[in-house]
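Tertiary structure, described
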Amino acid sequence: MKTRAAVVRQKCGHFEVSEVELAEPREDEVLVRIVGVGVCHTDLICRDEVYPVRFPAVFGHEGSGVVERVGARVTKVQPGDHVVLSFRSCGQCLPCRRGDPTHCANIFGCNFGGTRLDGSATVRLNDAPIFGNFFSQSSFAAYALANEASTVKVPKEAPLELLGPLGCGVQTGAGAVLNTFRPSAGSSLAVFGCGSVGLAALMAGNAAGCTKLIAVDINPARLDLARELGATHCFDPRSCNVVEEIQKLGGADFSLECTGIPAVFRQAVDSLAVPGVCGLVGAAPMGTEVTFDMNAIFFGRTVVGIVEGQSVPDDFIPRLVDLHARGKLPLEKIVRFYPLDQIEQAVRDT
C-alpha cells in the first residue's frame, strides 16, 4: 500500500514527508494506523550514523495506533485493537527463552538491520527498497508494518495518542527504576540528564516511594519540570560541584546516567552512597571509553548497563498505562504534539 512517511535521505539529513510503499503484512505481521509516535534520541543518533544505518531511511520506534490488518498466524491482536509498538526480540535465543528479551542475542538485527530478518524490505521509495523496519515498525509514518512480537495491546479507554513513548523512552527510564533498581520506599535516586528518559525515571522513583529525588541537568526549564514531577533537589553542574552536593545529602542509593557523556557517567558513579547502584542508559558512539577511580566502586558499588528498562513489554507497558491512569505517570506534562508534516520542527525542538 502507499502511505506517507518521514524519509531521511542522507546522514544528518532532514526528515522529508514523502510517499512510500509499504509491503503486504506477512503471516506474523500487523498493519497499524499510527495515531502517535515519539521522537527519541535513538532516532536522531541513527539519523546521524552514530549507529550504522543505510539511507534513505524511515525511522520512528515509539508508535501507537490502531490495528488495521493482521497476518494469518497473529493471535495477540486483531483489527480494531489499540496497540503500542515496542522493540523486537527474536524469541529464540537463550535470554529470550529465559524471559529476558532486552538481552536478546539478536537484538541488533531485530531492531537496527533495516529489513526483516530474512533480508526482505518492508518499505520502498520510488520502487527501490530502503532502510525500514526500524525496531520492527518505522513508525514516522501514517501506517506502519510491525511484527506481532513488537505489538502490545492497550485498553481502548487509554489516551492512545499519548502512549507511543511507552514503547521506548518512557519504558527505558521508568523500567530502569522499577525493573532494575527496584528501590525500597525511602531510597534516594539521582538522575543525570532530565530529558524524557530521565523525567520518566523521576516519575517512576516518585511512584516507588523514593524520598530523595535528585535531578541534574544544565537546562533550567528541564529542572523546573523535574521539580513539578517530584524532584526534591535540582542541580546545574555549571554552577556547583554536583558530586559534592549529592554526597552532602548522604549520596544516592541509585543513580541513572541518561546523557551518554563519559564525564557525566563518572559523576553518576562518584555520587553513589555505599553501597549503591549506577545504571547506564545514555547511548554513546561505538568505542566510547570511560574511566573511574577503582576505589570508587569498592564496598559494594555496582555499575549496570540497562537496555529498554530491562522490561518485558507485554507485561510492563500495561503497568505503565495503569500508572498513568492513576495519576502517577503524568505523561502529558512531558509531551508536545506536532502533525507529521512538522516532524522537522519537532526534531529541532527536541
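These notes cover the structure that comes with them.

Cut-offs used in this document
Residues numbered from 1 in each chain as written. Predicted model: local features only at pLDDT ≥ 70, side-chain atom pairs only at ≥ 80, totals over all residues. Heavy atoms only, no water. Helix = DSSP H or I, 4+ residues; strand = E, 2+ residues; numbered from the N terminus. Rg over C-alpha atoms; globule rule 2.2 N^0.38 Å. Contact = heavy atoms within 4.5 Å. Areas by Shrake-Rupley, 256 points an atom, 1.4 Å probe, with all protein chains shown as cover. 1 Å grid on protein atoms, 1.4 Å probe; cavity = no way out; pocket = protein on both sides within 12 Å on 5 of 7 lines; lining within 4 Å. Points joined across faces, edges and corners; volume = space filled by probe spheres on them. Nonpolar A, V, L, I, M, F, W, Y, C, P; charged D, E, K, R; others polar. Polar contact = N/O pair within 3.5 Å; in protein donor to acceptor, adjacent residues only side chain to side chain. Buried < 20%, exposed > 50% of the residue type's maximum accessible area, 1.4 Å probe, protein only. Arc of directions from axis to C-beta. Axes fitted to C-alpha atoms, helices over the stretch in contact; angles between N-to-C directions. Parallel < 35°, antiparallel > 145°, perpendicular 65-115°, else oblique. Left-handed = near helix turned anticlockwise from the far one by under 90°. Pairing = 2+ DSSP bridges. Right-handed = clockwise from strand over helix to strand, strands pointing away.

Further remarks concern the overall build of the protein. Helix and strand counts for the protein come out as 10 helices and 16 strands. In summary, the protein has a C-alpha radius of gyration of 20 Å against a globular reference of 20 Å for 350 residues, a match within 12%. Viewed in the frame of its principal axes, the protein has a C-alpha envelope of about 60 × 40 × 40 Å. For the protein, the share of sequence-separated contacts (at least 6 apart) that also reach a separation of at least 24 residues comes to 68%. Within the structure as shown, the protein displays about 15,000 Å² of accessible surface, and the carbon and sulfur contribution to it stands at 50%.

Here the focus is the layout of surface pockets. What the second largest pocket holds in volume is close to 290 Å³. Lining the second largest pocket are 16 residues, and of these S89, G91, P101, A149 and D314 sit closest to its centre. Per-class residue counts for the lining of the second largest pocket are 7 nonpolar, 5 polar and 4 charged.

On inspection of all chains with the given rule, the structure shows 1 cavity of 30 Å³ or more. Computed from the structure, the largest cavity encloses a volume of approximately 70 Å³. Around the largest cavity, the lining comprises 14 residues; the ones closest to its centre are L22, V123, S138, A141 and Y143. The biggest single contributor to the lining of the largest cavity is strand β9 (residues 143–147), with 3 residues. Residues belonging to the lining of the largest cavity are distributed by class as follows: 9 nonpolar, 5 polar and no charged.

It is worth spelling out the side chain of S86 at this point. Relative to the elements of secondary structure, S86 occurs in the loop between β6 (82–85) and α2 (94–97). In this structure the side chain of S86 is engaged in a polar contact, spanning 2.8 Å, whose partner is the backbone oxygen of G167. Not counting the four nearest positions on each side in its chain, S86 is found in contact with F135, Q137, S150, G167, Q171, P313 and I317.

What follows deals with helix α8 (residues 262–270). Within the sequence span of α8, burial applies to V264, F265, A268 and V269. Viewed along the axis of α8, the buried residues span an arc of 140°, placing them on a single side of the element. The inward-facing, buried residues of α8 abut β11 (188–192), β14 (252–257), β15 (272–280) and β16 (302–305).

A word on the environment of A207. You can see A207 is positioned in helix α5 (residues 196–208). According to the relative accessible area criterion, A207 is partly exposed, its value standing at 33%. Distance from A207 to L178, taken between C-alpha atoms, is 9.2 Å for residues 29 residues apart in sequence.

Moving on to unusual backbone geometry. Along the chain, F55 connects to P56 via a cis peptide bond; the corresponding omega equals 0°. Looking at the secondary structure, you find P56 in the loop between α1 (41–47) and β4 (57–58). The omega torsion across V274 and P275 is -10°, close enough to zero to call that bond cis. In this structure, C12 takes a positive phi of about 65° despite not being glycine. If you check the backbone angles, F299 has positive phi at about 60° while not being a glycine. Mapped onto the elements, F299 comes out in the loop between β15 and β16.

It is worth spelling out the packing of helix α4 (residues 169–181) against α5 at this point. Geometrically, a packed helix pair is captured by the angle between its two axes and the distance between the axes. In the contact formed by α4 and α5, the axes pass within 7 Å of each other and the chain directions differ by 40°. Judged by the angle between their axes, α4 and α5 are oblique. Crossing of α4 over α5 shows right-handed handedness. Side by side, α4 and α5 meet where G169, V170, T172, G173, A174, V177 and L178 of the first sit next to V197, A200, A201, A204, G205 and A208 of the second. For the contact of α4 with α5, the class distribution of residues is 9 nonpolar, 4 polar and no charged.

Now for the sheet that holds strand β8 (residues 128–129). Backbone hydrogen bonds are what pair the strands of a sheet, in a parallel or an antiparallel way. Strand order in the open sheet made by the 5 strands is β4-β1-β2-β7-β8, with antiparallel pairing throughout. For this open sheet the edge positions go to β4 and β8, each flanked by a neighbour on one side alone. In this structure, strand β2 (residues 15–22) lies alongside strand β7 (residues 123–125), joined through 2 bridges in antiparallel fashion. Residue L22 lies in a different strand from β7, and its bridge partner there is V123.

Within strand β12 (residues 212–216), 4 of the 5 residues are buried, which leaves it mostly tucked inside the rest of the structure. Both β11 and β12 contribute to a ladder of 5 bridges, which runs parallel. Within the sheet, the bridge partner assigned to S188 lies in β12 and is K212. Note on the crossover from β11 through α5 to β12: the handedness is right-handed. Pairing of β12 with strand β13 (residues 233–235), which is carried by 3 bridges, proceeds in the parallel orientation.

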